[in-house]
Amino acid sequence: MMCSLWRGTLLTLTSSLNRRVFQCCRQLGRSYNIASCMPEAVAFQGVSDHSGLYKFSVNESDRFWGAVARQRLSWISPFHTVQNCDFSQGKIKWFEGGKLNVSVNCLDRHVQTCPERVALIWERDEPGTEVKITYRQLLELTCRLGNLLKRQGVRRGDCVTIYMPPCPLAMASMLACARIGAAHNVVFAGFSSEALADRIRDAQSSTVITVNQGVRGGKVVDLKRTVDQAVQNCPTVQQVLVAMRTENTVPMTDRDVPLEEEMMKEDVVCEPVAMDSEDVLFLLYTSGSTGKPKGLVHTQAGYLLYTSLTHRYVFNYHDGDVFGCVADIGWITGHSYIVYGPLCNGGTTVLFESTPVYPNPGRYWEMVERLGINQFYGAPTAIRLLLKYGDEWVQNYNRSSLKTLGSVGEPINTEAWEWYHRVVGDGRCPVVDTWWQTETGGICIAPRPADPEAEIVPGMAMHPFYGIKPALLDTEGEVLSSNDSTGALCISQAWPGMARTIHNHHQRFTETYFHPYPGFFFTGDGAHRSKEGYYQIIGRLDDVINVSGHRLGTAELEDVVNQCPGVAESAAIGYSHDIKGEGVYVFVVLKKAVMVEEDVLAQQLREMVSRSIAKYACPDFIQVVRCLPKTRSGKIMRRVLRKVVERNTDELGDLSTLDDPDSVHEVIRGHRRLRGDGKQQ
């Protein structure tokens, strides 16, 4: 049911290491024409292939993004200006004058055409207990929740904090906020009460949505207790909506609202609010090793358009496919490629609650077989973890449904890429190593889209996406125009998906992203552009080790170390060295059942590094550990490793997001033993 204002506006959704190269065809055949992939290209004079379309997108940016936005989003009022951006001021505005509602673009228009299509498959912690929710059901859930939020006093412009595990009500909470004009602030449900309180206070939320308990890897986590502790220090919080993930009761106060019980009292119709293109859609906080977390702001139209376009073209997503992104919704990957991108495209998206190894290391691949997943998108750290368990856990399951494999979160090393391609994808699925950030909103560099039969080089992100114009700059701020160059990765013109500001701190936004290299958006990453013009991410510039004046990317070094037959995973850290400026300390996780003397392994690895990179890159210390300290989302906590190596173990900071706290103690003990006798140095 929709008001007449909306009914007439809905648009139809248009249907020098190992360089072994994987050739891949997108099955378009000899009759390939770019318009068969992107119908808007018909209006772009002289554009007949992907390279022509890319050039058009950066040279005629207004025409490209204007045409795509008009065709692919449903507008209440049309926009009058495609973009109004000025990097010198940190001003980013897209589609001014336009009005729309994100939830309508993600739900209502698909309910009009295919109400019983599955929108969401909730892959619960226990295998085989998945829940499928149609677009009609998700819209009803969203409307009931939107009405409940309004009854609780949430108004347009407010910010609601969501502290929930991956579950349908978490997704509905995000969409309900978008429907009524409130912003959402999703906080990863592994953060401590202190970290949660910081984010609630900065967002000035009066409403928090959570669950009684979370379930992950067979373990129950008391999330409501964490919220109770957090809100004691958050005077703005007036109510906490509590959903029931388990049947276990939890203490409830006068502030707490039983979500399902109250939600069922609400109507299944909630009129969507017409939002300006540049109204805030959500805040998402990122944190570094120091300083206050940054509440990055993403807005309505530009973000939605960019996520939907990258979802469709990077992964070659087609109507009817099942898209399996195994990230947590608390991170930008979950926002962009579990919720907004797939739903805007009318897709079927998987929401994964468990871990890669529960109840066994075949979990991902059993899920692929059972759900018929076509595109699988995960983190390199998980791929390296599963590689350690061998091929059998993959080959036990039928993965013939897979068409595209993706990696996200950090550069993927060559060995993991090739295992992913050869074993998981049976050598037939393209592997798209995607580079992007919370700040960029969506994928910016990836091997696809590209012309048919274009090569994919293992471990390289390769090509900029439509509208993205990367540049490499040297330490003097000069643009490196030739190929075979390495420098700071910047982007030279605006794109719709980029963050608009840091909440309540625009000066910090401009100083962080626009002042280091005036006229450019500074990503904070370093990159190499090969002689063919392909981009390879070499890691954060603060993860670059400067050894005797030589800049050494940690990702580059780890890629070499991980190619040692007995190594499953590694992490390279720089530390202060009296002579060289910085030395190199490498943590190594061995593959299962591999036994080797540490000194022997150290010698092997130094020889490999010397051959593959240079002698200066050889590690001073190599420490074997059972596992690396990681967050529950699978990211290596390099901040912790750096503090250990620098012998600042009394400054480790908040460790509440660690998946295995004992891993830190093991690292500390091993480090003391190794540095105590200094026998490797």
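Residues numbered from 1 in each chain as written. Predicted model: local features only at pLDDT ≥ 70, side-chain atom pairs only at ≥ 80, totals over all residues. Heavy atoms only, no water.

With an unreviewed UniProt entry as reference, the protein is termed Acetyl-coenzyme A synthetase, source organism Oncorhynchus kisutch.

Participant: So what exactly am I meant to see when it comes to the overall build of the protein here?
Facilitator: For the protein, the count of helices and strands is 21 helices and 34 strands. Projected onto its principal axes, the C-alpha positions of the protein cover 75 × 65 × 50 Å. The buried share of the protein, reckoned over its 681 residues, is 63%. When the accessible area of the protein is evaluated, it comes to approximately 25,500 Å², of which 47% is carbon and sulfur surface. In the protein, the 71 positive side-chain charges and the 77 negative ones have mean positions that sit 1 Å from each other. (Helix = DSSP H or I, 4+ residues; strand = E, 2+ residues; numbered from the N terminus. Buried < 20%, exposed > 50% of the residue type's maximum accessible area, 1.4 Å probe, protein only. Areas by Shrake-Rupley, 256 points an atom, 1.4 Å probe, with all protein chains shown as cover. Lys, Arg positive; Asp, Glu negative; His and termini not counted. Charge placed at Lys NZ, Arg CZ, Asp CG, Glu CD.)

Participant: Honestly, the side chain of Thr210 in this entry has me stumped. Any pointers?
Facilitator: One can find Thr210 in strand S9 (residues 207-211). Residue Thr210 is classed as buried on the basis of its relative accessible area, which comes to 0%. Of note is the side chain of Thr210, whose polar atom sits 2.9 Å from the backbone oxygen of Tyr163. Leave out the neighbours within four places in its chain, and Thr210 touches Tyr163, Met164, Leu223, Lys224, Val227, Val240, Leu241, Val242 and Ala243. (Polar contact = N/O pair within 3.5 Å; in protein donor to acceptor, adjacent residues only side chain to side chain. Contact = heavy atoms within 4.5 Å.)

Participant: Looking at this structure, I do not really get unusual backbone geometry. What am I missing?
Facilitator: With an omega dihedral of 0°, the bond running from Tyr358 to Pro359 counts as a cis peptide bond. Looking at where Pro359 falls in the secondary structure, it is placed in the loop between strand S18 (348-352) and helix H13 (363-371). Here Arg448 and Pro449 are connected by a cis peptide whose omega angle stands at 5°. Inspection of the secondary structure puts Pro449 in the loop between strand S22 (445-446) and strand S23 (455-456). Phi at Glu453 takes a positive value of approximately 65°, unusual for a residue other than glycine. Residue placement: Glu453 occurs in the loop between S22 and S23. Looking at Glu453, the relative accessible area reads 56%, which means it is exposed. Positive phi values are uncommon outside glycine, yet Met462 reaches one of about 80°. Tracing the sequence through the fold places Met462 in the loop between S23 and strand S24 (463-464). Under the relative-accessibility criterion, Met462 is labelled buried at 0%.

Participant: Even after reading the chapter, I still don't get the packing of aromatic side chains, so can you show me in this structure?
Facilitator: Summed over all chains, the structure comprises 40 aromatic pairs. For the ring pair Tyr337 and Tyr377, a centre distance of 6.0 Å and an interplane angle of 80° mean the geometry is edge-to-face. Of this pair, Tyr337 sits in helix H12 (residues 332-344) while Tyr377 is found in strand S19 (residues 375-378), placing the two residues 40 residues apart along the sequence. Put simply, the rings of Phe44, Phe56, Phe64, Trp65, Trp75, Phe79, Trp94, Phe95, Tyr306, Tyr313, Phe465 and Tyr466 touch in pairs and so form one group of aromatic residues. Above the face of the Phe191 ring, Arg199 is positioned so that its terminal group lies 4.4 Å from the ring centre. Seen from the ring of Tyr575, Arg675 lies directly overhead, with NZ or CZ sitting 4.9 Å from the centre. (Phe/Tyr/Trp six-rings, centres within 6.5 Å; stacked < 30°, edge-to-face > 60°. Lys NZ or Arg CZ within 6 Å of the ring centre and 35° of its normal.)

Participant: Even after reading the chapter, I still don't get the nonpolar core, so can you show me in this structure?
Facilitator: When a protein is soluble and globular, its nonpolar side chains tend to lie buried together. If you look at the biggest cluster of nonpolar residues, it comprises 136 residues, and the most contacted ones within it are Phe64, Phe95, Leu138 and Tyr340. For this core, the leading source of residues is helix H7 (residues 168-180), giving ten residues. Leaving out residues up to four positions away in the same chain, Leu138 has contacts with Leu107, Ala119, Ile133, Met171, Ala172, Leu175 and Leu343. Grouped together as the second largest cluster of nonpolar side chains are 33 residues, Tyr364, Val368, Phe376 and Val457 included. (Core = buried A, V, L, I, M, F, W, Y, C linked by side-chain atoms within 4.5 Å.)

Participant: How should the pattern of salt bridges be read in this particular structure?
Facilitator: A side chain with one charge may pair with a side chain of the opposite charge, provided their charged atoms come close. Throughout the structure, instances matching the rule amount to 34 salt bridges. Across the salt bridge formed by Arg312 and Asp319, the nearest N and O atoms sit 3.5 Å from each other. Its relative accessible area of 6% is what places Arg312 among the buried residues. For Arg384, the salt bridge is made with Glu410, and the minimal N-O distance between the two is 3.1 Å. Taken together, the positions of Arg384 in helix H14 (residues 380-387) and Glu410 in the loop between strand S20 (404-407) and helix H16 (414-424) put the pair 26 residues apart, joining distant regions of the chain. With a relative accessible area of 4%, Arg384 lands in the buried category. (Salt bridge = Lys/Arg side-chain N within 4 Å of Asp/Glu carboxyl O.)

Participant: Would you mind showing me how to read the sheet that holds strand S34 (residues 621-625) here?
Facilitator: As a general point, the strands of a sheet are linked pairwise by backbone hydrogen bonds and lie either parallel or antiparallel. Across the sheet, three strands lie side by side as S32-S33-S34; this open sheet has mixed pairing. In this open sheet, the two edge strands, each paired with only one partner strand, are strand S32 (567-577) and S34. Going from strand to strand, the sheet's axes swing by 25° on average, the running direction of each strand aside. Two elements, S32 and strand S33 (residues 581-590), share ten bridges in a ladder whose sense is antiparallel. Residue pairing across strands places Ala571 opposite Phe587, the latter belonging to S33. On the sheet, helix H19 (residues 598-612) packs against S32, S33 and S34 and is oriented at approximately 125° with respect to S34. (Pairing = 2+ DSSP bridges. Axes fitted to C-alpha atoms, helices over the stretch in contact; angles between N-to-C directions.)

Participant: Any chance you could explain the sheet that holds strand S25 (residues 470-473) here in plain terms?
Facilitator: Taken in spatial order, the four strands make up an open sheet running S25-S26-S28-S29, and their pairing is antiparallel. A strand with exactly one partner marks an edge of an open sheet, and here the two such strands are S25 and strand S29 (535-540). On average, each strand axis in the sheet is inclined to that of its neighbour by 45°, with strand direction left out of account. Examined bridge by bridge, strand S26 (residues 485-491) and strand S28 (residues 521-529) share six bridges and lie antiparallel to one another.

Participant: Can you walk me through H16 in this structure?
Facilitator: Counting buried residues along H16, ten of its eleven residues qualify, which places the element largely inside the surrounding structure. For H16, the set of buried residues is Thr414, Glu415, Ala416, Trp417, Glu418, Trp419, Tyr420, His421, Val423 and Val424.

Participant: What is the right way to read helix H9 (residues 223-231) from this model?
Facilitator: Because each turn of an α-helix spans 3.6 residues, side chains separated by three or four positions end up pointing in the same direction. Summarising burial for H9: seven of the nine residues are buried, a large majority. Here H9 has its buried residues at Leu223, Lys224, Thr226, Val227, Asp228, Ala230 and Val231.

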